[in-house]
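Observations on the model geometry
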Amino acid sequence: DAMSSAPASIASGATILDWPESDGAQPNQLRAGTNGWTCLPSDPPAIAAGRRDPMCADAASMAFLSSYMAGQAPTVDKVGFMYMLVGDGGSSNIDPAATGPTADNQWVVTGPHIMVVVPDPSSLDDVSTDPAQGGPFVMWKGTPFVHVMMPTVP
């Protein structure tokens with residue numbers, strides 16, 4: 001599952017982690033990698049809901065993801081990339097803490113995409129936040145977890 005989230009040229013040399021067995025625990029390493037990328041399988045809530053959302057992240061995006069999972073503002077010191085070529089089961093476009101759709105949290109299910117984190121969130125000010133416009137869009141604008149979602153297929 002984890003290796004399906006990125007191109008084979010990246011996934012084949014990536015570290016493979018499994019989700020922690022409990023909140024606050026460290027992820028379990030299933031395989032050591034050689035290329036600086038880390039892949040995770042679909043998370044347990046997605047699997048329980050019958051969805052898939054595996055991902056592969058470079059070091060900058062993995063630091064971003066670790067901060068997000070810990071509920072701490074990330075420090076992004078360089079551009080980072082995260083593949084989700086299987087897509088995701090949905091998340092709020094405006095609220096990083098949302099766990100399900102509501103009438104006002106702009107829930108969006110995204111097909112195959114690449115996420116991009118940047119050191120200077122203000123550099124994204126002119127990028128659309130509309131996931132329906134057909135191109136890259138900014139997710140979680142105005143939060144510490146702002147990033148670009150870039151669909152890989154129209």
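Here, every reference points to the structure presented above.
So, here is what we can say about the structure in this document. (Residues numbered from 1 in each chain as written. Predicted model: local features only at pLDDT ≥ 70, side-chain atom pairs only at ≥ 80, totals over all residues. Heavy atoms only, no water.)

Taken as a whole and assessed by the stated rule, the structure comprises 4 aromatic pairs. A ring pair is formed by Phe64 and Phe145, whose centres lie 6.2 Å apart and whose planes are at 80 degrees; its orientation type is edge-to-face. Highlighted residues: Phe64 in helix α3 (residues 59–70) and Phe145 in the loop between β9 (137–139) and β10 (147–151), separated in sequence by 81 residues. Neither residue differs from the other here; Phe64 and Phe145 are each classed as buried. When the centroid spacing of 5.4 Å and the interplanar angle of 80 degrees are considered together, the rings of Tyr68 and Phe145 count as edge-to-face. Pair noted here: Tyr68 is in helix α3 and Phe145 is in the loop between β9 and β10, with a separation of 77 residues, a long-range link. With a relative accessible area of 29%, Tyr68 lands in the partly exposed category. With relative accessibility at 10%, the residue Phe145 sits in the buried group. (Phe/Tyr/Trp six-rings, centres within 6.5 Å; stacked < 30°, edge-to-face > 60°. Helix = DSSP H or I, 4+ residues; strand = E, 2+ residues; numbered from the N terminus. Buried < 20%, exposed > 50% of the residue type's maximum accessible area, 1.4 Å probe, protein only.)

Moving on: α3. Taking 1.5 Å of rise per residue, the 12 residues of α3 would be expected to cover 16 Å, and the 16 Å separating its terminal C-alpha atoms lies within 8% of that figure. Inspection of α3 places Ala60, Ser61, Met62, Phe64, Leu65 and Ser67 among the buried residues, and these make up the whole buried set. The first or second residue beyond α3 is Gly71, which carries a positive phi of 70 degrees. (Expected span 1.5 Å × (residues − 1).)

Now for the pairing of β10. Pairing of strand β8 (residues 113–117) with β10 involves 4 bridges; the strand directions are antiparallel. Counted as the bridge partner of His113 is Pro151 from β10. (Pairing = 2+ DSSP bridges.)

As a further point, take the side chain of His113. The residue His113 is located in strand β8 in this model. The class of His113 is buried, set by a relative accessible area of 0%. A distance of 2.7 Å separates a polar side-chain atom of His113 from the backbone oxygen of Gly111. Beyond its immediate chain neighbours, meaning those up to four positions away, His113 contacts Met82, Tyr83, Met84, Leu85, Gly87, Asp88, Met149, Met150, Pro151 and Thr152. (Polar contact = N/O pair within 3.5 Å; in protein donor to acceptor, adjacent residues only side chain to side chain. Contact = heavy atoms within 4.5 Å.)

Spatial ordering of the open sheet is given by β2-β1-β3-β4-β5-β8-β10-β9, a layout of 8 strands whose pairing is mixed. Each end of this open sheet is capped by a strand with a single partner; those strands are β2 (28–31) and β9. Taking each pair of neighbouring strands and ignoring which way they run, the sheet shows an average axis angle of 30 degrees. Across 3 bridges, the pairing between strand β1 (residues 15–18) and β2 is antiparallel. Each bridged residue has a counterpart across the sheet, and for Ile16 the counterpart in β2 is Arg31. (Axes fitted to C-alpha atoms, helices over the stretch in contact; angles between N-to-C directions.)

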